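Structural overview
Below, each chain spelled out in residue letters.
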Amino acid sequence: MRRCRRCHLPETYETIEFDEDGVCNICRSTEHKKVIDWGARKELLDALVAKYRDKSDYDCIVPFSGGKDSTFQLYYLMKEYKLKPLVVRFNHGFMRPTVRQNAERTLKALGADFLEFTPNWKLVKRVMLEAFKRKTDFCWHCHSGIYTYPLQVAIRYNVPLIFWGEPLAEISHYYDYLNDEIEYEDEAKFNMCRNLGITAEDMHGMINSPEDPVDRRDFIPYTYPALKELKRIQYCSVCLGSFIPWDYTKNSEIIKRELGWETDELEGVPSEINGHGEKIECFMQGPRDYIKYMKRGYSRSTQITAFHVRNGRMTPEQALPYVMNEGKRPPSLDVLLGYLGISEDEFNTIVRATEVSPYHHDYSRTDEAPRLWDQDLWHKEGGAGDDEASRPRVFLKVV
Amino acid sequence: MLKRRIIPVLLLRGDRVVKGKQFTDYRDTGNPVMATRVYNAQAADELLFLDIEATVTGRSRLAEILSRVSEEAFMPFAVGGGIRTKAEVRALIAAGADKVVITTGAVERPEVVSEVAETFGSQCVIAGIDVRREGNRYAVYVRSGRVRTELELQDHVRKLDELGAGEILVNSIDQDGMMGGYDLDMLARAVEATNKPVIVCGGAGNFRHLEEGLRAGAHAVACASLFHFGDNNPPRARAYLKNVGFPVKTV
């Protein structure tokens, strides 16, 4: 596979393009990040905050998982601007213990009101299977819900300002820093690259049947609010990373120091490259990254080292061994198969059909990633991933 | 150099969009208005709406759904299904369509192609051809693939060209929904028979198939299953085609 000669992202990475020097558009976009007038952007942010402060029961909504980005968002807005946020979490059902503890610690330390919403699990399982069969991405409920639900809360509480975190320009080329624009989280962006191209209206019709009817109302949490409702509250839904330079490593250092935020193992990724704690909030991240590897021939280690290379914290040479040594089967795949109610052969057949050219996966590979310390604590179905013999005696995390 | 286009195809059945295999075995793929909103956000080059029940049942929801679709679509879009007269085309254009696709009508009432081309211009008429392979020839089918005609592909392409069609949409019933790649032989024959732009349809399952279609002479690649049943979208497809050297729209 052709790879960016700088960050090693391969040609199967979504929206990647290479220039005549063999450098990818995401690297080029990040170069531009360095020359943006961040002082001017900060002034824009000052003005935005001043415009919305004290106008409602809350100054803003902060969508929050408890992961590194949303924790930094919340910390920054409360420390830098003394904002009073309503913190909203859409719980995708796969929250890991460390992130739960992190969230509790953060909310207590900062002193913020917190709303958590957990959707109907039976529906979640059905849409997981449907989205997986159609798109080989079982996370439709999360991709949709984390973006729609906080906006519904914004409307209900009449809070127009919504702060998201990392800019998409860091991770893909749907948006880039070269545009020199503020990134809005609006319905167009949601439909372009968040919801797999499947809206709640689409999904309801896909799984609703006379034999197994689905209540339309179960899809309300996943439905993007009508524009007229959003306009009524004069919504402003923006990425904080458009106003201040987003640096995963630095942000993590700050929340660790100031809030006691802890990182965790990430399945299939060597801990020494993930000190900043990327993707540790979801225990289905391992299967997600594994599917990506099976389809596209790269996985999370490559993405993480690509950030480090772009930010000058690693050389391309230092990154290469990690890029070359990933794609191991995650033990948590058994847990996913239990939720989906399918065998690994069926799983492989579905993934195989969506392989992205020119990558070709070797299905005879059997190497397995180390089992995560908390796997035995997760909810399981169908007896999957619950092997008594491999279950550790001590269930508490040894710190 | 003329930009190459990627055209998502939406098959309308009742109030929903569907996708099948070989013109049968249809699965629900969404709501037409929301699907348009999604493709609009993804800056698709064009959209193709085909009402697959129109010529079979004689009823069409096209105009009704079109009026809601056109509120969402900022990209050009073409519509087809049961079109036989200039008056119908006028109504569809008034409802927001930029082009029409005439397939069965072009066989059963060929003059409709020239009537529409003369009134609204050739650029407004996409002549559709659905074919099945029969040994070393391609037979033209009508009525959503249900009725075989005696027409042969290349003769039919030439005739539609002469009638004034602006583009030819050639669709393989055999490959439809199979995601194994376009019928490149079919495409080559169509391209050979006309100087008009040819849109190839039926069988694209991955981006390499799109590349093959363009290399074989298609001006535009139409696809449905590719986007419905795979982790793909128009921006990703454009990036792929750009990397292999084709001029595509920059968003």
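Nothing here was measured: the structure is a model prediction, and the numbers come from that model.

1. Considerations on the packing of helix 5 (residues 121-135) of chain A against helix 8 (residues 200-207) of chain A
Residue and element names in this part refer to chain A. Here helix 5 crosses helix 8 at 95 degrees, and the two axes come no closer than 11 Å. By the angle between their axes, helix 5 is roughly perpendicular relative to helix 8. Touching Leu123, Arg126, Val127, Glu130, Ala131 and Arg134 of helix 5 are Met203, Met206 and Ile207, all from helix 8. The residue makeup of the contact of helix 5 with helix 8, split by class, is 6 nonpolar, no polar and 3 charged.

2. What to know about the packing of helix 9 (residues 207-215) of chain B against helix 11 (residues 234-243) of chain B
All names here are of chain B. Two elements in contact, helix 9 and helix 11, have axes separated by 10 Å at closest approach and are oriented at 55 degrees. As summarised for this structure, helix 9 and helix 11 are arranged oblique, according to the angle between their axes. In the crossing of helix 9 with helix 11, the sense of the turn from one axis to the other is right-handed. The residues of helix 11 that touch helix 9, namely those facing Phe207, Arg208, Leu210, Glu211 and Leu214, are Arg236, Ala237, Tyr240 and Leu241. Split into classes, the residues belonging to the contact of helix 9 with helix 11 amount to 6 nonpolar, no polar and 3 charged.

3. Quick word on the packing of aromatic side chains
Per the stated rule, a full pass over the model turns up 26 aromatic pairs over all chains. With centroids separated by 5.9 Å and ring planes inclined at 70 degrees, the aromatic side chains of A:Tyr293 and A:Tyr359 adopt a geometry described as edge-to-face. Within this pair, whereas A:Tyr293 is found in helix 11 (residues 285-296), its partner A:Tyr359 is found in the segment after helix 15 (344-352), the two being separated by 66 residues in sequence. Here A:Tyr293 and A:Tyr359 have matching classes, each one buried. Above the plane of the ring of A:Trp38 lies A:Arg41, whose end atom (NZ or CZ) is 5.6 Å from the centre. We note B:Arg132 situated over the ring of B:Tyr141; from NZ or CZ to the ring centre the distance is 5.4 Å.

4. Points about the nonpolar core
Ranked by internal contacts, the top residues of the largest apolar core, which has 64 residues, are B:Phe49, B:Val79 and B:Leu210. The contacts of B:Leu210, once residues within four sequence positions are left out, are B:Tyr182, B:Ala204, B:Val221, B:Cys223, B:Leu226, B:Ala237 and B:Leu241. Formed by 56 residues, the second largest nonpolar core is a distinct cluster that contains A:Ala131, A:Trp140, A:Ile162 and A:Val351.

5. A short note on helix 13 (residues 316-324) of chain A
Residues and elements named next belong to chain A. Residues Ala319, Tyr322 and Val323 constitute the buried set of helix 13. The arc enclosing the buried residues of helix 13, seen along the axis, measures out at 100 degrees, which places them on a common side. Within helix 13, the exposed residues directed more than 90 degrees away from the buried face are Glu317 and Met324.

6. Digging into the pairing of strand 3 (residues 113-117) of chain A
Residue and element names in this part refer to chain A. Sheet analysis places strand 2 (residues 85-90) next to strand 3, joined by 5 bridges and oriented parallel. Across the sheet, residue arginine 89 finds its bridge partner in strand 3, namely glutamate 116. One crossover worth recording links strand 2 to the parallel strand 3 by way of helix 4 (residues 97-110), and it is right-handed.

7. Observations regarding the interface of chain A and chain B
On the chain B side, the residues contacting the 26 residues of chain A number 26 residues. Of the roughly 2300 Å² buried between chain A and chain B, counting both surfaces, carbon and sulfur atoms make up 46%. At the junction of chain A with chain B, the criterion picks out 5 salt bridges. Between A:Arg296 and B:Asp231 there is a salt bridge, and its shortest N-O distance comes to 3.4 Å.

8. Concerning the environment of A:Ile146
Residues and elements named next belong to chain A. As for its placement among the helices and strands, isoleucine 146 is situated in helix 6 (residues 140-157). Isoleucine 146 gets classed as partly exposed once you look at its relative accessible area, which sits at 28%. For isoleucine 146 and glutamate 80, which are 66 residues apart along the polypeptide, the C-alpha to C-alpha distance reads 25 Å. Residue contacts for isoleucine 146: discarding those within four places in its chain leaves Phe90 and Trp164.

9. Description of the confidence of the model for chain A
Considering every residue of chain A, the mean pLDDT works out to 93; 95% of them sit at 70 or more. Segment residues 388-399 of chain A is flagged for pLDDT under 50; beyond a separation of four residues in sequence, or across chains, it makes 13 contacts in the model.

10. Some thoughts on unusual backbone geometry
Residues and elements named next belong to chain A. With an omega of 5 degrees, the peptide bond between serine 357 and proline 358 qualifies as cis. Within the secondary structure, proline 358 is located in the segment after helix 15. Here asparagine 158, not a glycine, exhibits a phi torsion of approximately 60 degrees, which is positive. Counting through the fold element by element, asparagine 158 comes out in the loop between helix 6 and strand 4 (161-164). With a relative accessible area of 42%, asparagine 158 lands in the partly exposed category.

Criteria and thresholds
Residues numbered from 1 in each chain as written. Chains lettered and ligands numbered in written order. Predicted model: local features only at pLDDT ≥ 70, side-chain atom pairs only at ≥ 80, totals over all residues. Heavy atoms only, no water. Axes fitted to C-alpha atoms, helices over the stretch in contact; angles between N-to-C directions. Helix = DSSP H or I, 4+ residues; strand = E, 2+ residues; numbered from the N terminus. Parallel < 35°, antiparallel > 145°, perpendicular 65-115°, else oblique. Contact = heavy atoms within 4.5 Å. Nonpolar A, V, L, I, M, F, W, Y, C, P; charged D, E, K, R; others polar. Left-handed = near helix turned anticlockwise from the far one by under 90°. Phe/Tyr/Trp six-rings, centres within 6.5 Å; stacked < 30°, edge-to-face > 60°. Buried < 20%, exposed > 50% of the residue type's maximum accessible area, 1.4 Å probe, protein only. Lys NZ or Arg CZ within 6 Å of the ring centre and 35° of its normal. Core = buried A, V, L, I, M, F, W, Y, C linked by side-chain atoms within 4.5 Å. Arc of directions from axis to C-beta. Pairing = 2+ DSSP bridges. Right-handed = clockwise from strand over helix to strand, strands pointing away. Buried area = accessible area lost by both parts, 1.4 Å probe. Salt bridge = Lys/Arg side-chain N within 4 Å of Asp/Glu carboxyl O. pLDDT = per-residue confidence, 0-100.

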